[in-house]
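# Understanding the architecture of this molecule
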Amino acid sequence: MPSTKQLGQNLAKVLGIKLEDPDTDNVTRGESIFSTHTTDSFIEQQPTSGEWLEDTIPSRQDMLSYIKSLFPFLSWIRFYNLQWFIGDLVAGITIGAVVVPQGMAYAKLANLPVEFGLYSSFMGVLLYWFFATSKDITIGPVAVVSTVTGTVVANVSQELPQYADQPWVIASALALISGAIVLFIGLIRCGWIVELIPLVSLAAFMTGSAINIAAGQVPTMMGITGFSTRDSTYLVIINTLKNLGKTNLDAAMGLTALTMLYLIRFSCAWAAKKFPNHHKLFFFLSTLRAVFVILLYTMISWLVNMNRRSHPAFTILKDVPRGFQHAVVPTLNSELISSFIGELPATVIVLLIEHIAISKSFGRVNNYTINPSQEMVAIGVTNMLAPFLGGYPSTGSFSRTAIKSKAGVRTPFAGVITAVVVLLAIYALTSVFYYIPSASLAAVIIHAVGDLITPPNTLYKFWRISPLEVLIFFVGVFVTVFSTIENGIYATICISFAIFIFRVLKSRGRFLGRVQVHSVLGDHLIGNDSNVMGEYGTFDVSDASFSPPTRNVFLPIDHGDGSNPEVEIASPYPGVFIYRFSEGFNYPSASHTLDYLTTHIFAHTRRTRSDTYARTGDRPWNDPGTKKGHEENTALPTLKAIILDFSSVNNIDVTSVQQLIDVRNQLDRYTAPDVVDFHFACINNRWTKRGLVSAGFGYPTPRPDGLHSRWKSIFSVAEIGGAESAAAAAELEANEKETQLRPSLSKPDPIDEDTPGPSTASSISHPGSKNKAPEFNKNGGGGEARRVAVHGLNRPLFHVDLTSALQSAIANVRARDEVEAAGGPDIGVTV
């Protein structure tokens, strides 16, 4: 029975496919001659589809790790101790005291009774710790998500009047569907999707939302009615100003509460600086300012309204049900889902970006790493289970997370303690909630969202980094103010993505030149002056134990990197160009960056032969030649070689490779009858090499005159082990110098000859090359170093760095010149 390989070959013949067998890639151009005499051979194997499948398909161990990663608490719960519990207890009680008034206030933003804020707060803190990868995050009602939910509730109530008396049905359905979407994204480990949303979009979204929320709460704080606070922000501001005359006693309860909140905050901040030994005390006083203000104004409200419950002097919450009165299976049907499906993308985006941004920020501050995908699992599970107790969409809260972090939380278990506090509020404090003034709750909301506004100093930093993104920020804020929060999100994300695509499409690389530099420490020139650098960046001596006094660096010839314009950047070699890609090399950018490459080369070179066309009429229409009365600039060199720096390229595709082939063919016609050598440096991916090899790159192009058989191969080799290796010698010399400088130290122990030293790299060439190559002992007997090739000998045009690529290019250009000068094959080069 034929093997799978034979079946594949037979099928390829039937389909007319010319197979390439990387395993039988014979090296026939002389590049391995030196390797069999001087160093250990290394033939680089191409990656296979089987390897890719093996790396991609999860193994059994991967599946077990995935299941374990769904429950991160298993990695730390067995180490839980009393000290951790004390920290969690303090933080949990603190957050519980903060989340109760905030949760009730945010429920009003969602167009829901205040008790639903408590339900969402309870489920958020209770469930999160099972799935958390952040100890600081607190999930629950937040201002922006509540505002989006309130908009959905208002719109659906108008479209489906049967739910107008039960708005929580709409909110619960929204939480369930959005939670399922987020959970799915988390389970398939696509948390990277949030990276598509830039920071400037998040800042604009938060700032615009804060202005929107604050403007919508001012009428409630002032007791103004008679218009919708769900209109666009600018309309709400205009209507508020028009109706200032309708202000009533609510303004006294709201404005004074807001003033007191800021007064306590600034006083505690001042006191903490004045008395640093008591900063912890002032921190907790500042943290609990919302609780204090709500309790104070609730007591005032009780004193004023205790005998006038039926007609209070100002708006109060009134009855708040005790316990979970709305625990029920959420209502889901196609009619309800279709009514808010248009708002689902905005809801999901808001749930994700705020939570992930906050968790990443506090992870960096507190030295731990969060898993965005697992955080999505936590958000998804919370929002899917919370509706069964009456919860509405919730996510991570910035203000409560900051408080929790500063309160000294130790583990995510603090959420359970917060849940106990919220549970006590739901069952024991509902009678107290009756007298809470609505204006004071509005003041709490305005005070909380004030921290979401991006300060001017941050905008200035944005401007210093990327001025264009400041414009995007203001566009997002203006769209939010004059339209909706959802449109503001879409606008900033779409504009940012469009600019990113434009940058990729219009990206172009840079042409590099060579500069020899010295390293200076203080007033001391690092390196041994007797160790002279070779002409093209290599050592003329085989002893590499000394630090080089000079070395080659490659800088943009136009000083586009900000290098000193007084530094003269030399051309690598007449007719040799070094080109570095700047934004990768894939199908969006390939055309533009290669157009720039060819345009620059045509402007700085001339044709190899000006008499390519015997008659004027033979010339193509797009290449009419030089103008009448003008002669070709013979001072320009002819094109010899191109070195492509792939250090910023990770992957290539069919489009980019095909365009590179087209450029090669175009330049070969330009240099006919000569051909252009394409060298590649710093390739970081085996699949990139495979793609280039499949397109005919990586080895010299066969020439009709046979000069490709005279190719001079230069490879980078590394020394491995041995007490006589360059690395060991360098280490020994360094130890001797240190001993001389510090005589008080004892002499270093002699290096054990059997101990392998670190690897060092150098470049060697074919023994027939002009420069004498060091003679290497292949086996490295007697403790001598063993040399091995760094890259495959079967790809002589793939180089480890730009220096070796330039050496190879120049060596072969000179070799061809020598052949022609000696009367060899005519390749059209004028010497």
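The residue numbers shown here count from 1 along each chain, following its written sequence. Residue-level local features of this predicted model are given only where pLDDT is at least 70; pairs of side-chain atoms are given and counted only at 80 or more, and the full residue set underlies all totals for whole chains, interfaces and linings. Neither water nor hydrogens contribute to the side-chain values; these are computed over all heavy atoms in the structure.

## Details of the overall build of the protein
The numbering of helices and of strands both runs from the N terminus, where a helix is a DSSP run of H or I of at least 4 residues and a strand a run of E of at least 2. When its secondary structure is counted, the protein shows 28 helices and 13 strands. Counting the 831 residues in the protein, one finds 48% classified as buried. Two residues qualify as a contact provided that any one of their heavy atoms is within 4.5 Å of a heavy atom in the partner residue. Looking at the protein alone, contacts between residues at least 24 apart form 81% of all its contacts between residues at least 6 apart. Carbon and sulfur atoms make up 60% of the accessible area of the protein, which amounts to about 41200 Å² in all. Any residue under 20% of the maximum accessible area for its type is buried, any over 50% is exposed, and the rest in between are partly exposed; the area is computed with a 1.4 Å probe on protein chains only. Per-residue accessibility takes into account occlusion by the displayed protein chains alone, with areas from the Shrake-Rupley method and a 1.4 Å probe.

## Considerations on the nonpolar core
Buried Ala, Val, Leu, Ile, Met, Phe, Trp, Tyr and Cys residues form a nonpolar core when they are joined through side-chain atoms within 4.5 Å. Judged by nonpolar contacts, the single largest core of 116 residues is most densely connected at Val100, Phe205, Leu336, Phe340, Tyr392, Phe433 and Val449. Setting aside residues up to four positions removed in sequence, Leu336 forms contacts with Val156, Leu160, Tyr163, Val169, Ile170, Ala173 and Thr331. The next biggest cluster of nonpolar side chains, apart from the first, holds 29 residues, and it includes Phe581, Phe646, Ile652 and Phe697.

## What about the pairing of strand S7 (residues 576-580)?
Among the five residues of S7, four are classified as buried, and the element is accordingly described as predominantly covered. Between any two strands, at least two bridges found by DSSP are needed for them to pair. In the sheet, strand S3 (residues 510-517) pairs with S7 via three bridges, with the strands oriented antiparallel. Bridged to Phe511 within S7 is Tyr579. Sheet topology places S7 next to strand S8 (residues 641-645); five bridges connect them, and they run parallel. What sits directly across from Phe577, in S8, is Ile642.

## Some points on the environment of Leu288
Position of Leu288 relative to the elements: it lies in the loop between helix H12 (279-287) and helix H13 (289-305). In sequence terms Leu288 and Leu261 are 27 residues apart; their C-alpha atoms lie 10.0 Å from each other. Discounting chain neighbours no more than four positions away, the residues touching Leu288 are Thr94, Ala97 and Val98.

## Brief notes about the packing of aromatic side chains
The criterion for an aromatic pair is that two Phe, Tyr or Trp rings (for Trp, the six-membered ring) have centres within 6.5 Å, with stacked assigned to planes under 30 degrees apart, edge-to-face to planes over 60 apart and tilted to the rest. All chains considered together, the criterion is met by 37 aromatic pairs. Centroid distance Phe283 to Phe284: 5.1 Å. Interplanar angle 65°. Geometry classified as edge-to-face. There is no split in this pair, since Phe283 and Phe284 are both buried. Note on Phe680 and Phe697: the rings are 5.4 Å apart at their centroids and 75° apart in plane angle, and the pair reads as edge-to-face. Note that Phe680 is positioned in strand S9 (residues 677-681) and Phe697 in the loop between helix H26 (686-694) and strand S10 (714-720), a separation of 17 residues in sequence. For the pair Phe680 and Phe697, a shared accessibility class is recorded, and that class is buried. Members of the aromatic cluster, each reached through a chain of ring pairs, are Phe511, Phe577, Tyr579, Phe581, Phe585, Tyr596, Phe646, Phe678, Phe680, Phe697 and Phe798. Over the ring of Tyr434 we find Arg309, and its NZ or CZ is 4.1 Å from the ring centre. Placement of a charge over a ring requires the Lys NZ or Arg CZ to be within 6 Å of the ring centre, with the centre-to-atom vector within 35 degrees of the ring normal. For Arg508, the ring lying beneath its charged end belongs to Tyr596, and the centroid distance is 4.3 Å.

## Let's talk about the sheet that holds S9
Pairing is mixed in the open sheet, where six strands are placed in the order S6-S3-S7-S8-S9-S13. Either end of the sheet is taken by a strand with one partner, and the two such strands are strand S6 (551-556) and strand S13 (798-799). Where helices are involved, their axes are fitted lines through C-alpha atoms of the stretch in contact, as for all axes, and angles between N-to-C directions lie from 0 to 180°. Packed onto the sheet, helix H24 (residues 587-604) meets S3, S7 and S8 and runs at close to 155° relative to S7. Contacts from helix H25 (residues 654-671) reach S8 and S9, with the element oriented near 140° to S9.

## Details of the pattern of salt bridges
One side-chain nitrogen of Lys or Arg within 4 Å of one carboxyl oxygen of Asp or Glu is enough to make a salt bridge. Per the stated rule, a full pass over the model turns up seven salt bridges. Put simply, Arg265 and Asp451 hold a salt bridge, and the shortest N to O gap is 2.9 Å. Separated by 186 residues along the polypeptide, Arg265 in helix H11 (residues 250-274) and Asp451 in the loop between helix H20 (438-449) and helix H21 (456-465) bring together distant segments of the chain. By relative accessible area, which is 25% here, Arg265 ends up partly exposed. The class of Asp451 is partly exposed, set by a relative accessible area of 36%.

## So, a nonpolar patch on the surface
There is a patch of nonpolar side chains on the surface, built from Leu82, Phe85, Ile86, Leu89, Val90 and Ile93 and spanning about 510 Å² of accessible area. Along the chain, the position of Ile93 falls in helix H5 (residues 82-109). Two distance rules govern patches: like charges are joined within 9 Å, and nonpolar side chains (Val, Leu, Ile, Met, Phe, Trp, Tyr) within 5 Å, applied only to residues with over 30% relative accessible area and no salt bridge.

## Structural notes on helix H22 (residues 467-482)
The terminal C-alpha atoms of H22, which comprises 16 residues, lie 23 Å apart, in line with the 22 Å expected from a rise of 1.5 Å per residue. Among the residues of H22, those classed as buried are Val470, Ile472, Phe473, Gly476, Val477, Thr480 and Val481. The inward-facing, buried residues of H22 abut helix H9 (199-222), helix H10 (233-242), H21 and helix H23 (485-505). The span you would expect from a helix comes to 1.5 Å times its residue count less one.

## A closer look at unusual backbone geometry
Look at the link from Ala672 to Pro673: it is a cis peptide, with omega at 5°. Inspection of the secondary structure puts Pro673 in the loop between H25 and S9. Phi at Lys318 is positive, roughly 70°, even though this residue is not glycine. Taking relative accessible area as the criterion, Lys318 reaches 35% and is therefore assigned partly exposed.

## Thoughts on the packing of helix H6 (residues 115-131) against helix H18 (residues 414-428)
Orientation of H6 relative to H18, taken along the N-to-C sense of each, is 155°, at an axis distance of 8 Å. Relative to H18, H6 is oriented roughly antiparallel. Crossing handedness for the pair H6 and H18: left-handed. Across the interface between the two elements, Leu118, Tyr119, Ser121, Phe122, Val125, Leu126 and Trp129 of H6 pack against Gly415, Val416, Thr418, Ala419, Val422, Leu423 and Ile426 of H18. Polarity classes work like this: nonpolar for Ala, Val, Leu, Ile, Met, Phe, Trp, Tyr, Cys and Pro, charged for Asp, Glu, Lys and Arg, and polar for all others, with Gly in that last group. A class-by-class count of the residues in the contact of H6 with H18 yields 11 nonpolar, three polar and no charged. Here the word oblique covers every angle except those under 35 degrees (roughly parallel), over 145 (roughly antiparallel) and from 65 to 115 (roughly perpendicular). Each crossing is labelled by how the near helix is turned from the far one, with a counterclockwise turn of less than a right angle marking it left-handed and a clockwise turn marking it right-handed.

## What to know about the side chain of Thr287
With respect to the helices and strands, the residue Thr287 is situated in helix H12. Of the polar contacts made by the side chain of Thr287, one reaches the backbone oxygen of Phe283; its length is 2.8 Å. Discounting residues that sit within four places of it in the chain, Thr287 has contacts with Thr94, Val98 and Ile403. Counting of polar contacts relies on pairs of N or O atoms within 3.5 Å, with two restrictions inside protein: one atom must be capable of donating a hydrogen and the other of accepting it, and residues adjacent in sequence are counted only when both atoms are side-chain atoms.

## Considerations on helix H16 (residues 372-385)
Between its first and last C-alpha atoms H16 spans 20 Å; for 14 residues at 1.5 Å apiece the expected length is 20 Å, and the two agree. Across the 14 residues of H16, 12 count as buried, placing the element largely inside the fold. Turning to H16, its buried residues number three or more, namely Pro372, Ser373, Gln374, Glu375, Met376, Val377, Ala378, Ile379, Gly380, Val381, Thr382 and Asn383. Looking at the packing, one finds that the buried side of H16 touches helix H4 (60-69), H6, strand S1 (139-140), helix H8 (167-187), helix H15 (344-365) and strand S2 (395-396).

## Here we look at the confidence of the model for the protein
What pLDDT reports is the predictor's confidence in each residue, on a scale of 0 through 100. Mean pLDDT over the protein works out to 83, with 82% of the residues at or above the 70 mark. Note that pLDDT drops below 50 for residues 529-546; the model gives that stretch 44 contacts with residues more than four away or on any other chain.

## A short note on the packing of H11 against H20
One way to put it is that H11 packs onto H20 with a least axis distance of 8 Å and a crossing angle of 35°. With respect to the hand of their crossing, H11 and H20 are arranged in right-handed fashion. Taken together, the residues of H20 that come into contact with H11 (itself represented by Asp250, Met253, Gly254, Ala257, Leu258, Leu261, Tyr262 and Arg265) are Ala439, Ser440, Ala443, Val444, Ile446 and His447. Taken together, the residues that form the contact of H11 with H20 break down as nine nonpolar, three polar and two charged.

## Some details on the side chain of Ser405
Here Ser405 is to be found in helix H17 (residues 398-406). On the basis of relative accessibility, which here comes to 15%, the residue Ser405 falls in the buried class. If near-sequence neighbours (up to four positions away) are discounted, Ser405 is found in contact with Asp136, Phe362 and Asn366.

## Side note on the pairing of S3
Strand direction decides the pairing type here: S3 and S6, joined by six bridges, are antiparallel. Looking at S6, one finds that Arg514 is bridged to Phe554.

## Some details on the environment of Val328
Its location among the elements puts Val328 in the loop between H13 and helix H14 (334-340). Taking the C-alpha atoms as reference points, Val328 and Leu389, 61 residues apart in sequence, are found 6.4 Å from one another. In this view, Val328 contacts Pro387 and Phe388; residues no more than four positions away in its chain are not counted.

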